[in-house]
Amino acid sequence: DMKKAIQNNLYMLRFMWKYCKSNVILRLLSTLTAPVQPFIFIITMKLAIDGISEKRDLKYLLTIILTAFLVGAVSAIFNSWVNSSSSAKAQPKISKGIQDELLKKSLTLDFACYDDAEYYDKYVRAMQEAESRAIEVLDSLVEILSSIVALLMIVSLIIALNPIVILICVAVLGINIFLNAKRNKIVFKRDMEITRPQREGAYYKKMFYEPQYAQELRLGKLGRLMNKKFISSMDRVLTVVEKYCGRFVFFDSAFSIVGFGLMSSVMAFASWQITKGNLSIGDFAALLNGAQQLLERLFALFGQFPRLFQNSMYIENLRKILDYSPVIASDNGGIEIDRLQNNIKINGISFTYPGKDKPVLKNINMEIRHGSKTAIVGYNGVGKSTLVKLLLRFYDPDKGNIKIDNIDYRETNVDSLRNKFGVLFQNYKCYALTVAENVLLDDYMDKSVEEKVVSSLKYSGIYEKIAGLEKGINTNLSREFDSDGVPLSGGEEQKIAIARAFVEDKDILILDEPSSALDPLAEYDINQKIMSLADNKTVIFISHRLSTVRMADMIYMMDNGKIIESGTHDELMKRGGKYCEMFTKQAEKYMLEF
């Protein structure tokens, strides 16, 4: 509704004021000067034509024209400066400010937000549209105020010349306003229908220019499939456009007819007044120009209302993100976790992802003692990585609880809790940053920090490769922004990620499939290094490759969201259950002697 649209537009205007106050003030001042030019033109034409009719001397006429030129020139220079210089600087300022708020806010969003497709969709649109919408809102406000000022000036002039012309204008333009309101509803309806296929088309098109899809597109039929889906989306866009074309032809024709009707009515009335001696020829010209400017300014004014509604829809997404209150807040206060024993007890937890019916974890009980090496094993999809998310408190369990040093997770300070963990995720990433920045996930260049980076790279087995590069640990791991960058193989990237988990002195290490990209021999070597480096730390291995976990103090075997077996490797092998079966199959596959 209109109230909501106004509220949302004012909400966005707040950002413009916050980050570009000077530009807002200048743009608002421009609303007073922009209408001067058409108004001066009307007055000048009237005085010049009347001057010619009255046979005034050339000096009089030139004075009028020169004065009008100077006033118009000063107004034009000011508005050009505001639009081209001040507004150009405003774009990066507002972009930096809003995106900074969004990026910081994104770090506080609950992990569940990323599992909610609708919410995530709004988040993406907010990130993409935020700064452009801020500029749009200010542009709309300036256009509305400018049109109102111009209308007041023109209406005042017409009333001064002949008030009856205003009545003619109001009667004819009332029809136009009615038609415009009807057209705007149809525009809104069309835009709603067209949004989905346009977004789908943009998604499919993106596949063809983003590098991560390049290989897959060229290997098989995916490229043809995406191209086909893009064409299908655009065909749906065309279908919607064609559906509404006839209605727009009707309304646009009606607008033109109403416009001609207004000018014809004013012309007829003014001609009659001239014959009666009530108007001069200059008045006649001024009234015609005034009526035309009145029509154009009303079109400009009412044309802004669809923009207000359109802006409001995107701003609503932004508000939902920035006003979001996380369930698991990192600034929640809570108990600070000191460096004590850091025993973790998992007591009967069950968990179902938001929006899903089937639980992923069912009545999990587990104890992870300080300094122990605990392995959580099982085939893919049994809930191992979900358990990691709960250990890091990305989610809270539906039932049961997790305690660290006998303190319930829900009572802890979230940042303090997560800071105890060093994590190598299964879906680790290397970024378009230097080797050192990829390991630290921070900027640096302190000598002692550099030594830590080198040490962690040596432990992960990748230092020799990095040392052989021209820029060493300052080598960029992507060519996206650096032509001298050196992309690494999957196994090499994983060693960088392993170094990342060990570069800081964390109490607890979680290694989620830490060697999935390595061959079995390299895996064995890296696991030996991990264990020696983590000798006095609590280590939690998550794996489906069981050679990784032989040396664990305690192994928990998961299946279908439950713990079905637990014990040491030898105990589980003697038991002859699921773990023994899985380990035996893998040992045969790799033909290794353990």
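Residues numbered from 1 in each chain as written. Predicted model: local features only at pLDDT ≥ 70, side-chain atom pairs only at ≥ 80, totals over all residues. Heavy atoms only, no water.

Caption draft 1: Representation of the sheet that holds strand β6 (residues 421-424) within the structure. Strand order in the open sheet formed by six strands is β6-β7-β8-β3-β9-β10, with mixed pairing between adjacent strands. Across the chains shown, the open sheet's two edge strands, defined by having one partner strand only, are β6 and β10 (562-567). This sheet shows a mean twist of 15° between the axes of neighbouring strands, independent of strand direction. Note that β6 and strand β7 (residues 508-512) share four bridges and pair parallel. Across the sheet, the residue bridging to F421 is I508, located in β7. Sitting on the sheet, helix α16 (residues 490-502) is in contact with β6 and β7, with an inclination near 175° to β6. (Pairing = 2+ DSSP bridges. Helix = DSSP H or I, 4+ residues; strand = E, 2+ residues; numbered from the N terminus. Axes fitted to C-alpha atoms, helices over the stretch in contact; angles between N-to-C directions. Contact = heavy atoms within 4.5 Å.)

Caption draft 2: Layout of the sheet that holds strand β5 (residues 407-408). If you walk across this open sheet you meet the four strands as β2-β1-β4-β5, and the pairing is antiparallel. Among the strands making up the open sheet, the edge pair consists of β2 (361-368) and β5. The strands touched by helix α11 (residues 384-391) within the sheet are β1 (344-351), β2 and β4 (399-404), with β1 carrying the most contacts at an inclination of about 120°.

Caption draft 3: Structural context of unusual backbone geometry. Phi is positive for L441, which is not a glycine, with a value near 55°. Within the secondary structure, L441 sits in the loop between α13 (435-440) and α14 (447-460). In this structure, N560 is a non-glycine residue whose phi angle is positive, near 55°. Assignment of secondary structure puts N560 in the loop between β9 (554-559) and β10.

Caption draft 4: Seen up close, the environment of I43. Relative to the assigned elements, I43 resides in helix α3 (residues 36-53). Along the chain, I43 and R218 lie 175 residues apart, while their C-alpha atoms are 67 Å from each other.

Caption draft 5: Representation of a nonpolar patch on the surface. Where nonpolar side chains cluster on the molecular surface, the patch consists of W17, I25, L29 and L32 and spans about 370 Å² of accessible area. Ranked by the residues each element gives to the nonpolar patch, the list is headed by helix α2 (residues 21-33), at three residues. In this structure, I25 sits in helix α2. (Patch = residues over 30% accessible without salt bridge, like charges linked within 9 Å, V, L, I, M, F, W, Y side chains within 5 Å. Areas by Shrake-Rupley, 256 points an atom, 1.4 Å probe, with all protein chains shown as cover. Salt bridge = Lys/Arg side-chain N within 4 Å of Asp/Glu carboxyl O.)

Caption draft 6: Main features of the nonpolar core. Within the largest apolar cluster, 41 residues are counted, with the highest numbers of intra-cluster contacts made by V165, C169, L173, L262, V266, L287 and L294. Residue assignment for this core shows that the elements contributing at least two residues are α6 (117-161), α7 (163-206), α9 (222-275) and α10 (281-322). The element contributing the most residues to this core is α9, with 13 residues. Those residues within four positions of L173 in sequence are excluded, and the remaining contacts are L262, L294, L295 and L298. Membership of the second largest hydrophobic core comes to 32 residues, among which are M366, L391, Y409 and Y556. (Core = buried A, V, L, I, M, F, W, Y, C linked by side-chain atoms within 4.5 Å. Buried < 20%, exposed > 50% of the residue type's maximum accessible area, 1.4 Å probe, protein only.)

Caption draft 7: Quick look at the packing of aromatic side chains. If you walk through the whole model with that rule in mind, you get eight aromatic pairs. Ring geometry for Y11 and F15: centres 5.7 Å apart, planes at 75°, overall edge-to-face. Taken together, the positions of Y11 and F15, both in helix α1 (residues 2-19) and four residues apart, correspond to about one turn of that helix. F15 matches Y11 in its accessibility class, with the two residues each being buried. Residues Y203 and Y204 carry aromatic rings whose centres are separated by 5.5 Å and whose planes lie at 70° to one another, so their mutual orientation is edge-to-face. By the ring-pair criterion, three or more aromatic residues cluster together here, those being F351, Y353 and Y395. Above the ring of F15, the side-chain terminus of R14 is found at 4.7 Å from the ring centroid. Here the basic side chain of K458 rests over the ring of Y463, its NZ or CZ set 5.3 Å away from the ring centre. (Phe/Tyr/Trp six-rings, centres within 6.5 Å; stacked < 30°, edge-to-face > 60°. Lys NZ or Arg CZ within 6 Å of the ring centre and 35° of its normal.)

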